[in-house]
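Architecture and fold: a report
In case you want the letters, here they are:
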Amino acid sequence: MIKILVLLCIGRQLVQAVPLSPTEVEDFLIDPRYYSYDELTNAFRKLETENSQIAKLVSVGRSVKNRELWALHINANVHNRTLLTPMFKYVGNMHGDESIGRQLLIYLAEYLILNYGKVERVTQLVNDTDIFLMPSMNPDGYESSQEGLCESKPRYVGRENENSVDLNRDFPDQFEPHRAGTILSGRQPETVAMMTWIISRPFVLSGNLHGGAVVASYPYDDSNAGVQCCRESKSPDNEIFKQLALVYSDRHSIMKTGKACKNDNFPQGITNGAYWYEVRGGMQDFNYVKSNCFEVTFELSCCKYPPAQTLPQEWATNKESLLSFMEAVHWGVKGLVMNEHGDPVLDADVVVKGIDHNITTSNRCEFWRLLLPGKYSIYASAFGYSPSDTVEVEVAPGKTTIQNFTIKLETQQGNELRTNNGAIGGDRWYWGA
Ligand SMILES: [Zn+2]
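Scoring rules and cut-offs
- Residues numbered from 1 in each chain as written.
- Predicted model: local features only at pLDDT ≥ 70, side-chain atom pairs only at ≥ 80, totals over all residues.
- Buried ≥ 20, exposed ≤ 12 C-beta atoms within 10 Å, placed from the backbone.
- Helix = DSSP H or I, 4+ residues; strand = E, 2+ residues; numbered from the N terminus.
- Pairing = 2+ DSSP bridges.
- UniProt positions renumbered as here; feature names shortened; annotations may be inferred.
- Contact = placed C-beta atoms within 7 Å.

The next thing to look at is the pairing of strand β8 (residues 294-301). The buried fraction of β8 amounts to eight of the eight residues, a majority that puts the element mostly inside the structure. As defined by bridge partners, strand β5 (residues 203-210) adjoins β8 across six bridges and the pair is classed as parallel. Paired with Leu-205 across the bridge in β8 is Phe-294. Bridge count for strand β6 (residues 213-218) against β8 is five bridges, and the pairing is antiparallel. Residue pairing across strands places Ala-216 opposite Phe-298, the latter belonging to β8.

Listed under "active site" (unreviewed entry) in the UniProt record, and renumbered for this structure, are Glu-299. In this structure, Glu-299 sits in strand β8. With sequence-adjacent residues up to four places away left out, Glu-299 is seen in contact with His-210, Gly-211, Gly-212, Ala-213, Val-214, Val-215 and Ser-217.

Turning our eyes to something else, we now look at the sheet that holds strand β15 (residues 391-395). Strands belonging to one sheet form pairs held by backbone hydrogen bonds; the direction of such a pair is parallel or antiparallel. Sheet architecture is open: four strands sit in the order β11-β10-β13-β15, paired in antiparallel fashion. Lying at the two open borders of the sheet, with one neighbouring strand each, are β11 (359-360) and β15. One ladder, built from five bridges, connects strand β13 (residues 374-381) with β15; its direction is antiparallel. By the bridge assignment for β15, Ile-378 is matched with Val-391.

Next comes the structure, spelled out in C-alpha coordinates:
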(Lines give C-alpha, C1' and ligand atoms only; values in the text may rest on other atoms or scores of the structure.)
Protein backbone atom coordinates (compact mmCIF):
# COMPACT_ATOMS: atom_id res chain seq x y z
CA MET A 1 0.00 0.00 0.00
CA ILE A 2 2.84 2.35 0.93
CA LYS A 3 4.50 1.57 -2.38
CA ILE A 4 1.30 2.45 -4.23
CA LEU A 5 0.99 5.75 -2.39
CA VAL A 6 4.60 6.65 -3.15
CA LEU A 7 4.16 5.86 -6.82
CA LEU A 8 0.96 7.89 -6.94
CA CYS A 9 2.69 10.83 -5.26
CA ILE A 10 5.55 10.66 -7.75
CA GLY A 11 3.01 10.42 -10.55
CA ARG A 12 1.17 13.50 -9.28
CA GLN A 13 4.37 15.57 -9.24
CA LEU A 14 5.22 14.51 -12.75
CA VAL A 15 1.84 15.14 -14.28
CA GLN A 16 0.85 18.21 -12.27
CA ALA A 17 -2.70 16.92 -12.02
CA VAL A 18 -5.54 18.62 -10.25
CA PRO A 19 -5.43 17.25 -6.68
CA LEU A 20 -7.68 14.26 -6.20
CA SER A 21 -10.51 14.38 -3.72
CA PRO A 22 -9.85 12.25 -0.61
CA THR A 23 -11.93 9.35 -1.93
CA GLU A 24 -10.93 9.52 -5.61
CA VAL A 25 -9.03 6.53 -7.03
CA GLU A 26 -6.70 6.52 -10.06
CA ASP A 27 -4.65 3.38 -9.42
CA PHE A 28 -4.71 2.58 -13.14
CA LEU A 29 -2.00 5.21 -13.70
CA ILE A 30 0.59 3.15 -11.84
CA ASP A 31 3.17 1.65 -14.21
CA PRO A 32 1.55 3.09 -17.36
CA ARG A 33 1.56 1.04 -20.54
CA TYR A 34 -0.61 0.43 -23.56
CA TYR A 35 -2.87 -2.63 -23.41
CA SER A 36 -2.73 -5.14 -26.25
CA TYR A 37 -6.01 -6.45 -27.69
CA ASP A 38 -5.85 -9.47 -25.37
CA GLU A 39 -5.10 -7.28 -22.35
CA LEU A 40 -7.98 -4.96 -23.23
CA THR A 41 -10.29 -7.96 -23.55
CA ASN A 42 -9.21 -9.33 -20.17
CA ALA A 43 -9.37 -5.92 -18.45
CA PHE A 44 -12.92 -5.28 -19.66
CA ARG A 45 -14.02 -8.83 -18.78
CA LYS A 46 -12.62 -8.31 -15.27
CA LEU A 47 -14.39 -4.95 -14.90
CA GLU A 48 -17.65 -6.58 -15.95
CA THR A 49 -17.26 -9.60 -13.68
CA GLU A 50 -16.35 -7.58 -10.62
CA ASN A 51 -18.91 -4.81 -11.22
CA SER A 52 -21.78 -6.58 -12.95
CA GLN A 53 -24.40 -4.19 -11.56
CA ILE A 54 -22.97 -1.20 -13.43
CA ALA A 55 -20.78 -2.67 -16.19
CA LYS A 56 -21.58 -4.90 -19.12
CA LEU A 57 -19.25 -5.94 -21.92
CA VAL A 58 -20.74 -5.83 -25.41
CA SER A 59 -19.28 -6.61 -28.81
CA VAL A 60 -20.52 -4.36 -31.56
CA GLY A 61 -19.09 -6.62 -34.29
CA ARG A 62 -15.82 -8.08 -35.50
CA SER A 63 -12.79 -6.85 -37.41
CA VAL A 64 -11.42 -8.37 -40.60
CA LYS A 65 -9.21 -10.63 -38.45
CA ASN A 66 -12.15 -11.59 -36.24
CA ARG A 67 -11.23 -9.43 -33.28
CA GLU A 68 -14.20 -8.16 -31.28
CA LEU A 69 -15.10 -4.47 -31.36
CA TRP A 70 -15.50 -4.26 -27.60
CA ALA A 71 -17.50 -1.57 -25.84
CA LEU A 72 -17.98 -1.37 -22.10
CA HIS A 73 -21.52 -0.32 -21.21
CA ILE A 74 -21.63 1.57 -17.90
CA ASN A 75 -24.80 2.69 -16.13
CA ALA A 76 -26.43 2.25 -12.72
CA ASN A 77 -29.16 0.23 -14.44
CA VAL A 78 -26.99 -1.41 -17.07
CA HIS A 79 -29.30 -4.35 -17.74
CA ASN A 80 -32.45 -2.34 -18.43
CA ARG A 81 -32.07 1.28 -19.48
CA THR A 82 -34.35 3.56 -17.46
CA LEU A 83 -36.80 5.48 -19.63
CA LEU A 84 -35.39 8.82 -20.88
CA THR A 85 -31.80 8.06 -19.81
CA PRO A 86 -29.69 9.44 -22.69
CA MET A 87 -27.13 7.24 -24.45
CA PHE A 88 -23.56 8.48 -24.89
CA LYS A 89 -20.56 6.89 -26.62
CA TYR A 90 -16.85 7.46 -27.00
CA VAL A 91 -15.10 5.65 -29.87
CA GLY A 92 -11.32 5.50 -30.09
CA ASN A 93 -8.61 4.21 -32.38
CA MET A 94 -10.54 3.99 -35.67
CA HIS A 95 -7.14 4.82 -37.08
CA GLY A 96 -5.24 1.94 -35.48
CA ASP A 97 -2.00 3.84 -34.90
CA GLU A 98 -3.67 6.73 -33.05
CA SER A 99 -3.32 5.20 -29.63
CA ILE A 100 -3.73 7.86 -26.92
CA GLY A 101 -7.54 7.86 -27.11
CA ARG A 102 -7.59 4.07 -26.99
CA GLN A 103 -5.77 3.90 -23.68
CA LEU A 104 -7.60 6.94 -22.26
CA LEU A 105 -10.94 5.19 -22.80
CA ILE A 106 -9.65 2.15 -20.89
CA TYR A 107 -8.63 4.55 -18.10
CA LEU A 108 -11.99 6.29 -18.26
CA ALA A 109 -13.82 2.97 -17.86
CA GLU A 110 -11.69 2.14 -14.81
CA TYR A 111 -12.08 5.64 -13.41
CA LEU A 112 -15.89 5.63 -13.65
CA ILE A 113 -16.21 2.17 -12.13
CA LEU A 114 -13.60 2.59 -9.37
CA ASN A 115 -15.08 5.92 -8.29
CA TYR A 116 -18.78 5.09 -8.56
CA GLY A 117 -20.34 5.55 -5.13
CA LYS A 118 -17.22 7.42 -3.94
CA VAL A 119 -17.10 10.61 -6.01
CA GLU A 120 -20.43 12.41 -6.28
CA ARG A 121 -19.84 13.68 -9.81
CA VAL A 122 -19.02 10.18 -11.09
CA THR A 123 -21.97 8.64 -9.28
CA GLN A 124 -24.35 11.16 -10.81
CA LEU A 125 -22.91 10.68 -14.30
CA VAL A 126 -23.22 6.87 -14.11
CA ASN A 127 -26.71 7.08 -12.57
CA ASP A 128 -28.06 9.46 -15.21
CA THR A 129 -26.22 8.48 -18.40
CA ASP A 130 -26.11 5.29 -20.47
CA ILE A 131 -22.40 5.26 -21.31
CA PHE A 132 -20.63 3.16 -23.96
CA LEU A 133 -16.83 3.24 -24.18
CA MET A 134 -15.21 1.62 -27.24
CA PRO A 135 -11.42 1.97 -26.96
CA SER A 136 -10.67 0.46 -30.37
CA MET A 137 -12.74 0.46 -33.54
CA ASN A 138 -9.72 -0.86 -35.47
CA PRO A 139 -8.07 -3.57 -33.32
CA ASP A 140 -6.29 -5.13 -36.32
CA GLY A 141 -4.66 -1.82 -37.20
CA TYR A 142 -3.60 -1.29 -33.59
CA GLU A 143 -1.87 -4.67 -33.44
CA SER A 144 0.15 -3.67 -36.55
CA SER A 145 1.22 -0.34 -35.04
CA GLN A 146 4.36 0.47 -33.10
CA GLU A 147 4.75 2.42 -29.88
CA GLY A 148 7.02 5.45 -30.27
CA LEU A 149 6.16 6.15 -33.91
CA CYS A 150 4.70 9.63 -34.23
CA GLU A 151 3.70 9.26 -37.88
CA SER A 152 1.97 6.43 -39.72
CA LYS A 153 4.05 3.60 -41.16
CA PRO A 154 4.64 3.43 -44.94
CA ARG A 155 1.47 2.57 -46.88
CA TYR A 156 -0.52 3.50 -43.76
CA VAL A 157 -0.10 0.05 -42.22
CA GLY A 158 -1.74 0.33 -38.81
CA ARG A 159 -3.76 3.44 -39.61
CA GLU A 160 -5.97 1.50 -42.00
CA ASN A 161 -7.73 -1.77 -41.34
CA GLU A 162 -6.45 -5.20 -42.40
CA ASN A 163 -7.83 -4.68 -45.92
CA SER A 164 -5.88 -1.40 -46.28
CA VAL A 165 -9.03 0.72 -46.04
CA ASP A 166 -9.19 3.98 -44.10
CA LEU A 167 -12.27 3.41 -41.94
CA ASN A 168 -12.88 7.15 -41.67
CA ARG A 169 -13.43 7.29 -45.44
CA ASP A 170 -15.68 4.22 -45.62
CA PHE A 171 -19.05 5.53 -44.38
CA PRO A 172 -21.95 6.68 -46.59
CA ASP A 173 -21.67 10.40 -47.28
CA GLN A 174 -24.43 12.88 -47.98
CA PHE A 175 -22.45 14.38 -50.86
CA GLU A 176 -21.32 11.08 -52.32
CA PRO A 177 -22.79 9.98 -55.67
CA HIS A 178 -25.31 7.16 -55.29
CA ARG A 179 -23.68 3.74 -55.08
CA ALA A 180 -25.14 0.48 -56.31
CA GLY A 181 -26.60 -1.94 -53.78
CA THR A 182 -27.72 -1.29 -50.23
CA ILE A 183 -26.27 1.31 -47.89
CA LEU A 184 -24.04 -1.44 -46.41
CA SER A 185 -22.82 -2.91 -49.71
CA GLY A 186 -19.07 -2.99 -50.27
CA ARG A 187 -18.15 -1.59 -46.84
CA GLN A 188 -15.65 -2.98 -44.37
CA PRO A 189 -16.84 -5.20 -41.48
CA GLU A 190 -15.81 -2.57 -38.93
CA THR A 191 -17.80 0.09 -40.80
CA VAL A 192 -20.86 -2.14 -41.15
CA ALA A 193 -20.73 -2.94 -37.43
CA MET A 194 -20.54 0.73 -36.49
CA MET A 195 -23.25 1.81 -38.95
CA THR A 196 -25.60 -0.84 -37.58
CA TRP A 197 -24.86 0.16 -33.99
CA ILE A 198 -25.28 3.89 -34.66
CA ILE A 199 -28.53 3.47 -36.60
CA SER A 200 -30.18 0.88 -34.37
CA ARG A 201 -29.59 2.52 -30.99
CA PRO A 202 -30.78 5.95 -29.85
CA PHE A 203 -27.42 7.56 -29.14
CA VAL A 204 -27.57 11.27 -28.37
CA LEU A 205 -23.95 12.42 -28.20
CA SER A 206 -20.60 10.91 -29.19
CA GLY A 207 -16.89 11.69 -29.13
CA ASN A 208 -14.53 10.20 -31.71
CA LEU A 209 -10.92 10.16 -30.50
CA HIS A 210 -8.02 10.55 -32.95
CA GLY A 211 -4.39 11.71 -32.97
CA GLY A 212 -1.85 13.51 -35.13
CA ALA A 213 -3.12 17.00 -34.23
CA VAL A 214 -4.63 18.67 -31.16
CA VAL A 215 -8.05 20.17 -31.93
CA ALA A 216 -11.80 19.59 -31.56
CA SER A 217 -13.36 19.29 -35.02
CA TYR A 218 -17.12 19.44 -35.61
CA PRO A 219 -19.47 18.75 -38.59
CA TYR A 220 -19.63 18.92 -41.41
CA ASP A 221 -16.44 17.20 -42.50
CA ASP A 222 -17.58 17.23 -46.10
CA SER A 223 -19.27 19.59 -48.54
CA ASN A 224 -20.26 19.77 -52.17
CA ALA A 225 -17.91 22.69 -52.80
CA GLY A 226 -15.28 20.51 -54.47
CA VAL A 227 -12.41 22.09 -52.52
CA GLN A 228 -9.81 20.53 -50.23
CA CYS A 229 -10.09 22.97 -47.37
CA CYS A 230 -10.56 26.42 -46.03
CA ARG A 231 -14.29 26.75 -46.51
CA GLU A 232 -16.77 26.13 -43.70
CA SER A 233 -19.44 23.50 -44.24
CA LYS A 234 -22.05 24.31 -41.61
CA SER A 235 -24.66 21.88 -40.34
CA PRO A 236 -28.06 23.18 -39.17
CA ASP A 237 -26.78 22.70 -35.61
CA ASN A 238 -23.55 24.61 -36.20
CA GLU A 239 -23.85 26.79 -33.09
CA ILE A 240 -24.31 23.94 -30.63
CA PHE A 241 -21.58 21.92 -32.34
CA LYS A 242 -19.17 24.80 -31.78
CA GLN A 243 -20.09 24.92 -28.10
CA LEU A 244 -19.76 21.15 -27.74
CA ALA A 245 -16.28 21.34 -29.29
CA LEU A 246 -15.43 24.18 -26.89
CA VAL A 247 -16.50 22.08 -23.90
CA TYR A 248 -13.56 19.81 -24.69
CA SER A 249 -10.97 22.33 -25.86
CA ASP A 250 -11.61 24.88 -23.09
CA ARG A 251 -10.74 22.31 -20.43
CA HIS A 252 -7.66 20.98 -22.27
CA SER A 253 -4.71 23.22 -21.44
CA ILE A 254 -2.90 22.46 -24.71
CA MET A 255 -5.83 22.14 -27.12
CA LYS A 256 -7.28 25.51 -26.19
CA THR A 257 -4.11 27.28 -27.37
CA GLY A 258 -4.83 26.06 -30.90
CA LYS A 259 -1.10 25.96 -31.60
CA ALA A 260 0.03 22.63 -30.19
CA CYS A 261 1.58 21.08 -33.29
CA LYS A 262 3.68 22.45 -36.13
CA ASN A 263 1.65 24.72 -38.44
CA ASP A 264 -1.46 24.48 -36.20
CA ASN A 265 -3.62 27.57 -35.94
CA PHE A 266 -7.03 26.72 -34.54
CA PRO A 267 -8.69 29.68 -32.75
CA GLN A 268 -9.85 28.43 -29.32
CA GLY A 269 -8.70 24.93 -30.30
CA ILE A 270 -11.74 24.15 -32.44
CA THR A 271 -12.49 23.97 -36.16
CA ASN A 272 -15.21 23.14 -38.61
CA GLY A 273 -14.12 19.82 -40.13
CA ALA A 274 -14.35 20.83 -43.79
CA TYR A 275 -12.66 24.17 -43.08
CA TRP A 276 -9.63 22.22 -41.85
CA TYR A 277 -9.70 19.63 -44.63
CA GLU A 278 -12.53 17.79 -46.30
CA VAL A 279 -13.23 14.19 -45.34
CA ARG A 280 -15.59 12.22 -47.57
CA GLY A 281 -17.06 9.09 -45.97
CA GLY A 282 -16.29 10.04 -42.36
CA MET A 283 -18.07 8.64 -39.31
CA GLN A 284 -18.77 12.03 -37.75
CA ASP A 285 -21.04 13.26 -40.53
CA PHE A 286 -22.69 9.84 -40.76
CA ASN A 287 -23.76 10.05 -37.11
CA TYR A 288 -25.43 13.42 -37.61
CA VAL A 289 -26.93 12.89 -41.06
CA LYS A 290 -28.22 9.33 -40.64
CA SER A 291 -29.05 9.13 -36.93
CA ASN A 292 -30.05 11.28 -33.97
CA CYS A 293 -26.48 11.25 -32.64
CA PHE A 294 -24.29 14.36 -32.61
CA GLU A 295 -20.60 13.45 -32.89
CA VAL A 296 -17.51 15.62 -32.41
CA THR A 297 -13.96 14.52 -33.29
CA PHE A 298 -11.17 15.13 -30.78
CA GLU A 299 -7.56 15.03 -32.00
CA LEU A 300 -5.52 14.47 -28.86
CA SER A 301 -1.79 14.49 -29.62
CA CYS A 302 0.72 15.64 -32.24
CA CYS A 303 2.51 12.30 -31.95
CA LYS A 304 0.16 9.47 -32.90
CA TYR A 305 1.69 6.74 -30.72
CA PRO A 306 3.95 8.34 -28.09
CA PRO A 307 5.79 6.32 -25.43
CA ALA A 308 3.59 4.99 -22.63
CA GLN A 309 5.31 7.21 -20.04
CA THR A 310 3.24 10.10 -21.41
CA LEU A 311 -0.07 8.40 -20.56
CA PRO A 312 -0.49 9.79 -16.98
CA GLN A 313 0.08 13.30 -18.34
CA GLU A 314 -2.41 12.68 -21.15
CA TRP A 315 -4.98 11.43 -18.63
CA ALA A 316 -4.46 14.53 -16.49
CA THR A 317 -4.77 16.83 -19.51
CA ASN A 318 -7.89 15.15 -20.92
CA LYS A 319 -9.76 14.00 -17.81
CA GLU A 320 -11.84 17.14 -17.24
CA SER A 321 -12.60 17.43 -20.97
CA LEU A 322 -13.69 13.78 -21.21
CA LEU A 323 -16.03 14.09 -18.21
CA SER A 324 -17.49 17.48 -19.16
CA PHE A 325 -18.23 16.42 -22.72
CA MET A 326 -20.12 13.39 -21.39
CA GLU A 327 -22.14 15.65 -19.11
CA ALA A 328 -23.16 17.73 -22.14
CA VAL A 329 -25.44 14.86 -23.23
CA HIS A 330 -27.91 16.35 -20.73
CA TRP A 331 -28.14 19.73 -22.50
CA GLY A 332 -31.49 20.64 -24.04
CA VAL A 333 -34.93 19.06 -24.03
CA LYS A 334 -36.12 15.48 -23.62
CA GLY A 335 -39.52 13.86 -23.32
CA LEU A 336 -42.07 11.44 -24.75
CA VAL A 337 -44.32 11.63 -27.80
CA MET A 338 -47.65 9.83 -27.39
CA ASN A 339 -50.97 9.76 -29.16
CA GLU A 340 -54.24 10.81 -27.58
CA HIS A 341 -54.75 7.27 -26.27
CA GLY A 342 -51.46 7.37 -24.39
CA ASP A 343 -49.82 4.97 -26.86
CA PRO A 344 -46.15 5.53 -27.70
CA VAL A 345 -45.42 6.95 -31.14
CA LEU A 346 -42.11 5.74 -32.46
CA ASP A 347 -40.35 7.50 -35.30
CA ALA A 348 -42.19 10.75 -34.66
CA ASP A 349 -40.32 13.92 -35.62
CA VAL A 350 -39.52 16.50 -32.96
CA VAL A 351 -39.22 19.81 -34.78
CA VAL A 352 -37.42 22.89 -33.47
CA LYS A 353 -38.48 25.92 -35.47
CA GLY A 354 -35.49 27.61 -37.05
CA ILE A 355 -33.24 24.51 -36.98
CA ASP A 356 -33.59 22.35 -40.08
CA HIS A 357 -32.71 19.07 -38.42
CA ASN A 358 -35.40 16.94 -36.79
CA ILE A 359 -34.89 14.35 -34.07
CA THR A 360 -37.00 11.17 -34.15
CA THR A 361 -38.43 9.21 -31.24
CA SER A 362 -37.12 5.85 -30.04
CA ASN A 363 -39.29 2.74 -29.96
CA ARG A 364 -40.16 3.74 -26.39
CA CYS A 365 -41.37 7.12 -27.77
CA GLU A 366 -38.48 9.01 -26.15
CA PHE A 367 -36.61 11.90 -27.70
CA TRP A 368 -33.56 13.90 -26.69
CA ARG A 369 -32.95 17.23 -28.44
CA LEU A 370 -29.56 18.83 -27.71
CA LEU A 371 -30.00 22.61 -27.52
CA LEU A 372 -28.11 25.62 -26.23
CA PRO A 373 -29.67 27.76 -23.49
CA GLY A 374 -32.51 29.90 -24.82
CA LYS A 375 -36.17 29.85 -25.83
CA TYR A 376 -37.41 27.56 -28.59
CA SER A 377 -40.68 26.78 -30.36
CA ILE A 378 -41.00 23.00 -30.57
CA TYR A 379 -43.67 20.60 -31.84
CA ALA A 380 -43.98 16.91 -32.72
CA SER A 381 -45.41 15.33 -35.85
CA ALA A 382 -45.72 11.87 -37.35
CA PHE A 383 -47.15 10.27 -40.46
CA GLY A 384 -50.92 9.81 -40.07
CA TYR A 385 -51.14 12.29 -37.19
CA SER A 386 -51.89 15.98 -36.88
CA PRO A 387 -48.91 17.91 -35.50
CA SER A 388 -48.96 18.64 -31.80
CA ASP A 389 -49.43 22.13 -30.45
CA THR A 390 -46.29 24.23 -30.70
CA VAL A 391 -44.81 24.71 -27.23
CA GLU A 392 -42.49 27.52 -26.14
CA VAL A 393 -39.70 25.75 -24.27
CA GLU A 394 -36.97 27.37 -22.21
CA VAL A 395 -33.58 25.67 -21.93
CA ALA A 396 -31.37 26.58 -18.99
CA PRO A 397 -27.56 26.20 -18.98
CA GLY A 398 -26.38 22.68 -18.19
CA LYS A 399 -29.86 21.37 -17.40
CA THR A 400 -32.43 19.18 -19.11
CA THR A 401 -35.91 20.52 -19.73
CA ILE A 402 -38.64 17.86 -19.79
CA GLN A 403 -41.36 18.41 -22.39
CA ASN A 404 -43.82 15.75 -23.57
CA PHE A 405 -45.97 16.01 -26.69
CA THR A 406 -49.34 14.52 -27.62
CA ILE A 407 -50.33 14.08 -31.24
CA LYS A 408 -53.74 13.04 -32.57
CA LEU A 409 -54.57 10.51 -35.23
CA GLU A 410 -55.50 12.48 -38.31
CA THR A 411 -57.83 10.26 -40.31
CA GLN A 412 -59.45 6.87 -40.52
CA GLN A 413 -56.45 5.96 -42.64
CA GLY A 414 -54.28 6.89 -39.68
CA ASN A 415 -56.29 4.57 -37.46
CA GLU A 416 -55.79 1.73 -39.90
CA LEU A 417 -52.06 2.36 -39.93
CA ARG A 418 -51.80 1.91 -36.18
CA THR A 419 -49.91 -1.19 -35.31
CA ASN A 420 -50.72 -3.42 -32.38
CA ASN A 421 -48.55 -1.45 -30.00
CA GLY A 422 -50.06 1.80 -31.08
CA ALA A 423 -47.18 2.98 -33.20
CA ILE A 424 -47.23 4.11 -36.76
CA GLY A 425 -45.04 2.24 -39.21
CA GLY A 426 -42.82 3.94 -41.75
CA ASP A 427 -39.68 3.66 -43.75
CA ARG A 428 -37.50 5.65 -41.36
CA TRP A 429 -34.89 4.19 -39.03
CA TYR A 430 -36.08 1.84 -36.34
CA TRP A 431 -34.50 2.46 -32.95
CA GLY A 432 -33.79 -0.40 -30.58
CA ALA A 433 -34.25 0.20 -26.88
ZN1 LIG B 1 -7.36 9.70 -37.14
